[in-house]
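Next come the chains, spelled out residue by residue.
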Amino acid sequence: QVQLVESGGGLVEPGESRTLSCVASGKISSIYHMGWYRQAPGKQRELVAAISRAGITNYADTAKGRFTISTNSAKNTVLLQMNDLKPEDTALYYCNVDSSWDPTWPTGGYWGQGTQVTVAS
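Just so you know, these numbers come straight off a predicted model, no measurement behind them.

Cut-offs applied
- Residues numbered from 1 in each chain as written.
- Predicted model: local features only at pLDDT ≥ 70, side-chain atom pairs only at ≥ 80, totals over all residues.
- Heavy atoms only, no water.
- Helix = DSSP H or I, 4+ residues; strand = E, 2+ residues; numbered from the N terminus.
- Contact = heavy atoms within 4.5 Å.
- Phe/Tyr/Trp six-rings, centres within 6.5 Å; stacked < 30°, edge-to-face > 60°.
- Buried < 20%, exposed > 50% of the residue type's maximum accessible area, 1.4 Å probe, protein only.

Enquirer: So what about the environment of Y94? Which residues, and what values?
Expert: Turning to its location among the elements, Y94 is positioned in strand β9 (residues 91-98). A C-alpha to C-alpha distance of 5.1 Å links Y94 and Y37, two positions 57 residues apart in sequence. Apart from residues no more than four positions distant in its own chain, Y94 is found in contact with E6, G35, W36, Y37, Q39, R45, W111, G112, Q113 and G114.

This is how it looks when you write it as C-alpha cells:
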C-alpha cells in the first residue's frame, strides 16, 4: 500500500507561479512512476506531467515550457513547479504513483485526493 498526500494548491493570479507537492509513504520502494494529472469542471482527467524513477519525463503539450516535474533523492516526493499560470490551468490536480512507467496514462497504482488550483484575477 502507498499513501499520497498532496499540497500546494490555492488561488493564484494569472502569470504567477505555484509548486505542488505529493509525498508518498508506505511501500515506496515499489514506485517507478510518479505523475501529476488534472481535472477541470466538466472535463476528463488529463495528464500534466509524469516522471519515472530513472528520470524520464513526459509532459502534456499544455505544460511544456511552463511546468517542471521533479522528484527528490528518496523518490518519495514529486513536485510540480508551475510557472506563468493561466486561467485555463484551473483544475483539481491529482498525484498518481505506480510500479510501472506510464508516460501517457497510469494503468493502475495509487491516486491522491487532489489539490485545487484556481487561477483568477
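Enquirer: Outline the packing of aromatic side chains, supporting the account with residue identities and numerical values.
Expert: Tallied over the full model, the rule gives four aromatic pairs. Ring centres 5.1 Å apart and planes at 65° place the aromatic pair Y37 and W111 in the edge-to-face group. With Y37 in strand β4 (residues 33-39) and W111 in strand β10 (residues 110-111), this residue pair connects regions lying 74 residues apart in the sequence. Given the relative accessible area of 0%, Y37 is considered buried. For the ring pair Y94 and W111, a centre distance of 6.3 Å and an interplane angle of 85° mean the geometry is edge-to-face. One end of the pair, Y94, is in strand β9; the other, W111, is in strand β10, and 17 residues separate them in sequence.

Function cannot be read off these values alone, since they describe shape.
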